[in-house]
Amino acid sequence: MRKIILVFSIALFFMVSLGFIRAQEKAVNNSDVILKEAIYNANKVKVLNFSLKEFDVLFFEFFDKKNNPNLVLTKEEFYKYTIQIAIFSDRLAALYPDQKEIAAENKKKWFAETYEDYLLSKASQKK
(Lines give C-alpha, C1' and ligand atoms only; values in the text may rest on other atoms or scores of the structure.)
Protein backbone atom coordinates (compact mmCIF):
# COMPACT_ATOMS: atom_id res chain seq x y z
CA MET A 1 0.00 0.00 0.00
CA ARG A 2 2.86 2.37 0.85
CA LYS A 3 4.52 1.68 -2.48
CA ILE A 4 1.34 2.56 -4.35
CA ILE A 5 1.00 5.83 -2.43
CA LEU A 6 4.69 6.63 -3.00
CA VAL A 7 4.45 5.92 -6.75
CA PHE A 8 1.24 7.94 -7.01
CA SER A 9 2.82 10.86 -5.12
CA ILE A 10 5.90 10.88 -7.34
CA ALA A 11 3.78 10.71 -10.51
CA LEU A 12 1.59 13.55 -9.26
CA PHE A 13 4.67 15.64 -8.44
CA PHE A 14 6.07 15.20 -11.95
CA MET A 15 2.73 15.95 -13.63
CA VAL A 16 2.32 19.18 -11.66
CA SER A 17 5.94 20.18 -12.27
CA LEU A 18 5.62 19.53 -15.99
CA GLY A 19 2.46 21.65 -16.09
CA PHE A 20 4.30 24.60 -14.51
CA ILE A 21 7.21 24.25 -16.91
CA ARG A 22 4.91 24.24 -19.95
CA ALA A 23 2.98 27.25 -18.67
CA GLN A 24 6.22 29.19 -18.21
CA GLU A 25 7.43 28.28 -21.71
CA LYS A 26 4.28 29.66 -23.30
CA ALA A 27 4.62 32.98 -21.51
CA VAL A 28 8.30 33.39 -22.33
CA ASN A 29 8.02 32.38 -25.99
CA ASN A 30 4.98 34.51 -26.76
CA SER A 31 6.20 37.63 -28.56
CA ASP A 32 2.76 39.19 -28.20
CA VAL A 33 3.13 39.24 -24.42
CA ILE A 34 6.45 41.05 -24.71
CA LEU A 35 4.95 43.55 -27.15
CA LYS A 36 1.92 44.11 -24.89
CA GLU A 37 4.15 44.71 -21.87
CA ALA A 38 6.29 47.20 -23.82
CA ILE A 39 3.20 49.09 -24.99
CA TYR A 40 1.78 49.02 -21.46
CA ASN A 41 4.96 50.46 -19.96
CA ALA A 42 5.30 53.12 -22.68
CA ASN A 43 1.68 54.32 -22.36
CA LYS A 44 0.71 53.80 -18.72
CA VAL A 45 1.38 57.32 -17.41
CA LYS A 46 -0.11 59.01 -20.46
CA VAL A 47 -3.33 56.97 -20.41
CA LEU A 48 -3.81 57.25 -16.66
CA ASN A 49 -4.00 61.01 -17.22
CA PHE A 50 -6.59 60.76 -20.01
CA SER A 51 -9.87 62.56 -19.52
CA LEU A 52 -13.03 60.64 -20.28
CA LYS A 53 -13.33 62.66 -23.50
CA GLU A 54 -9.82 61.63 -24.61
CA PHE A 55 -10.63 58.01 -23.81
CA ASP A 56 -13.87 58.19 -25.80
CA VAL A 57 -11.92 59.47 -28.81
CA LEU A 58 -9.43 56.59 -28.49
CA PHE A 59 -12.16 54.00 -27.99
CA PHE A 60 -14.30 55.07 -30.94
CA GLU A 61 -11.26 55.54 -33.18
CA PHE A 62 -10.28 51.94 -32.45
CA PHE A 63 -13.73 50.58 -33.26
CA ASP A 64 -13.98 52.66 -36.43
CA LYS A 65 -10.65 51.29 -37.63
CA LYS A 66 -11.41 47.77 -36.46
CA ASN A 67 -14.73 47.70 -38.30
CA ASN A 68 -13.45 49.32 -41.49
CA PRO A 69 -13.27 46.43 -43.98
CA ASN A 70 -10.72 48.31 -46.11
CA LEU A 71 -8.23 48.81 -43.28
CA VAL A 72 -6.09 46.25 -41.48
CA LEU A 73 -4.25 47.44 -38.38
CA THR A 74 -0.69 46.30 -37.82
CA LYS A 75 0.00 44.17 -34.77
CA GLU A 76 1.57 47.17 -33.00
CA GLU A 77 -1.38 49.44 -33.84
CA PHE A 78 -3.89 46.83 -32.70
CA TYR A 79 -2.14 46.23 -29.39
CA LYS A 80 -1.58 49.94 -28.82
CA TYR A 81 -5.33 50.48 -28.88
CA THR A 82 -6.28 47.43 -26.81
CA ILE A 83 -3.60 48.01 -24.18
CA GLN A 84 -4.45 51.70 -23.83
CA ILE A 85 -8.10 50.75 -23.34
CA ALA A 86 -6.99 48.22 -20.72
CA ILE A 87 -4.86 50.82 -18.94
CA PHE A 88 -7.80 53.20 -18.72
CA SER A 89 -9.55 50.56 -16.58
CA ASP A 90 -7.02 51.37 -13.84
CA ARG A 91 -8.08 55.02 -14.00
CA LEU A 92 -11.74 54.06 -13.75
CA ALA A 93 -10.98 51.84 -10.76
CA ALA A 94 -9.27 54.79 -9.05
CA LEU A 95 -12.14 57.16 -9.84
CA TYR A 96 -14.88 54.70 -8.90
CA PRO A 97 -13.61 52.43 -6.08
CA ASP A 98 -16.92 50.55 -5.93
CA GLN A 99 -16.31 49.45 -9.55
CA LYS A 100 -12.82 47.97 -8.99
CA GLU A 101 -13.89 44.41 -9.80
CA ILE A 102 -15.58 45.42 -13.04
CA ALA A 103 -12.57 47.53 -14.03
CA ALA A 104 -10.22 44.61 -13.29
CA GLU A 105 -12.36 42.28 -15.43
CA ASN A 106 -12.36 44.81 -18.29
CA LYS A 107 -8.60 45.23 -18.06
CA LYS A 108 -8.13 41.46 -18.17
CA LYS A 109 -10.49 41.20 -21.17
CA TRP A 110 -8.64 43.87 -23.14
CA PHE A 111 -5.24 42.36 -22.33
CA ALA A 112 -6.53 38.99 -23.57
CA GLU A 113 -7.37 40.38 -27.04
CA THR A 114 -5.18 38.77 -29.69
CA TYR A 115 -4.06 39.99 -33.07
CA GLU A 116 -4.79 36.57 -34.57
CA ASP A 117 -8.46 36.83 -33.52
CA TYR A 118 -8.58 40.32 -35.01
CA LEU A 119 -7.22 39.02 -38.32
CA LEU A 120 -9.80 36.24 -38.32
CA SER A 121 -12.57 38.76 -37.76
CA LYS A 122 -11.19 40.83 -40.66
CA ALA A 123 -11.26 37.77 -42.92
CA SER A 124 -14.91 37.14 -42.01
CA GLN A 125 -15.75 40.81 -42.73
CA LYS A 126 -14.62 40.41 -46.32
CA LYS A 127 -16.87 37.40 -46.98
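Everything that follows concerns the structure shown earlier in this document.
Quick caveat: nothing in here was measured; it's all calculated off a predicted structure.

### With respect to the packing of aromatic side chains
Consideration 1: According to the stated counting rule, one finds 15 aromatic pairs in the structure shown.
Consideration 2: Here the aromatic rings of Phe55 and Phe88 are separated by 4.2 Å at their centres, their planes lie at 10°, and the arrangement is stacked. Taken together, the positions of Phe55 in helix H3 (residues 52-67) and Phe88 in helix H4 (residues 75-95) put the pair 33 residues apart, joining distant regions of the chain.
Consideration 3: Arranged with centres 5.3 Å apart and planes meeting at 70°, the rings of Phe62 and Phe63 form a pair that is edge-to-face.
Consideration 4: For Phe62, a relative accessible area of 0% corresponds to the buried category.
Consideration 5: By the ring-pair criterion, three or more aromatic residues cluster together here, those being Phe55, Phe59, Phe60, Phe62, Phe63, Phe78, Tyr79, Tyr81, Phe88, Trp110, Tyr115 and Tyr118.

### Overview of the packing of H4 against helix H6 (residues 115-126)
Consideration 1: Remark: H4 packs on H6, axes separated minimally by 10 Å, with the N-to-C direction vectors making an angle of 110°. Between H4 and H6, the interaxial angle falls into the category roughly perpendicular. Facing H4, whose interface residues are Lys75, Phe78 and Tyr79, H6 presents Tyr115, Glu116 and Tyr118.
Consideration 2: Per-class residue counts for the contact of H4 with H6 are 4 nonpolar, no polar and 2 charged.

### What about helix H2 (residues 31-48)?
Consideration 1: For H2, which comprises 18 residues, the first-to-last C-alpha distance of 25 Å matches the rise-based estimate of 26 Å (1.5 Å per residue) to within 8%.
Consideration 2: Residues of H2 that are buried: Asp32, Leu35, Lys36, Ile39, Tyr40, Asn43 and Val47.
Consideration 3: Contacts made by the buried residues of H2 are with H4, helix H5 (100-112) and H6.
Consideration 4: Here H2 starts with a cap whose side-chain oxygen sits 3.1 Å from the backbone nitrogen of Asp32, and that cap is Asn30.

### Concerning the side chain of Gln84
Consideration 1: The topology assignment puts Gln84 in helix H4.
Consideration 2: The class of Gln84 is buried, set by a relative accessible area of 4%.
Consideration 3: At 2.9 Å, the side chain of Gln84 forms a polar contact with the side chain of Asn43.
Consideration 4: When sequence neighbours within four positions are dropped, the list of residues in contact with Gln84 reads Asn43, Lys46, Val47, Leu58 and Tyr79.

### Quick word on H4
Side chains of residues three or four places apart in an α-helix project in the same direction, reflecting 3.6 residues per turn.
Consideration 1: Along its 21 residues, H4 runs 31 Å from first to last C-alpha, staying within 8% of the 30 Å computed at 1.5 Å per residue.
Consideration 2: Those residues of H4 lying buried are Phe78, Tyr79, Tyr81, Thr82, Ile83, Gln84, Ile85, Ala86, Ile87, Phe88, Ser89 and Ala93.
Consideration 3: Looking at the buried residues of H4, the elements they touch are H2, H3, H5 and H6.

### What to know about the pattern of salt bridges
Consideration 1: Taken as a whole and judged by the stated rule, the model has 3 salt bridges.
Consideration 2: A salt bridge links Lys75 to Asp32, with the nearest nitrogen and oxygen atoms 2.9 Å apart. With Lys75 in helix H4 and Asp32 in helix H2, this pair connects stretches of sequence that are 43 residues apart.
Consideration 3: Classification of Lys75 by relative accessible area gives partly exposed; the value is 24%.
Consideration 4: Here Lys65 makes a salt bridge to Glu61, at a shortest N to O gap of 3.8 Å. Residue Lys65 and its partner Glu61 are both found in helix H3; the two are separated by 4 residues, about one turn of the helix.
Consideration 5: What makes Lys65 partly exposed here is its relative accessible area of 28%.
Consideration 6: Since its relative accessible area comes to 35%, Glu61 is described here as partly exposed.

Basis of the calculations
- Residues numbered from 1 in each chain as written.
- Predicted model: local features only at pLDDT ≥ 70, side-chain atom pairs only at ≥ 80, totals over all residues.
- Heavy atoms only, no water.
- Phe/Tyr/Trp six-rings, centres within 6.5 Å; stacked < 30°, edge-to-face > 60°.
- Helix = DSSP H or I, 4+ residues; strand = E, 2+ residues; numbered from the N terminus.
- Buried < 20%, exposed > 50% of the residue type's maximum accessible area, 1.4 Å probe, protein only.
- Axes fitted to C-alpha atoms, helices over the stretch in contact; angles between N-to-C directions.
- Parallel < 35°, antiparallel > 145°, perpendicular 65-115°, else oblique.
- Contact = heavy atoms within 4.5 Å.
- Nonpolar A, V, L, I, M, F, W, Y, C, P; charged D, E, K, R; others polar.
- Expected span 1.5 Å × (residues − 1).
- Polar contact = N/O pair within 3.5 Å; in protein donor to acceptor, adjacent residues only side chain to side chain.
- Salt bridge = Lys/Arg side-chain N within 4 Å of Asp/Glu carboxyl O.

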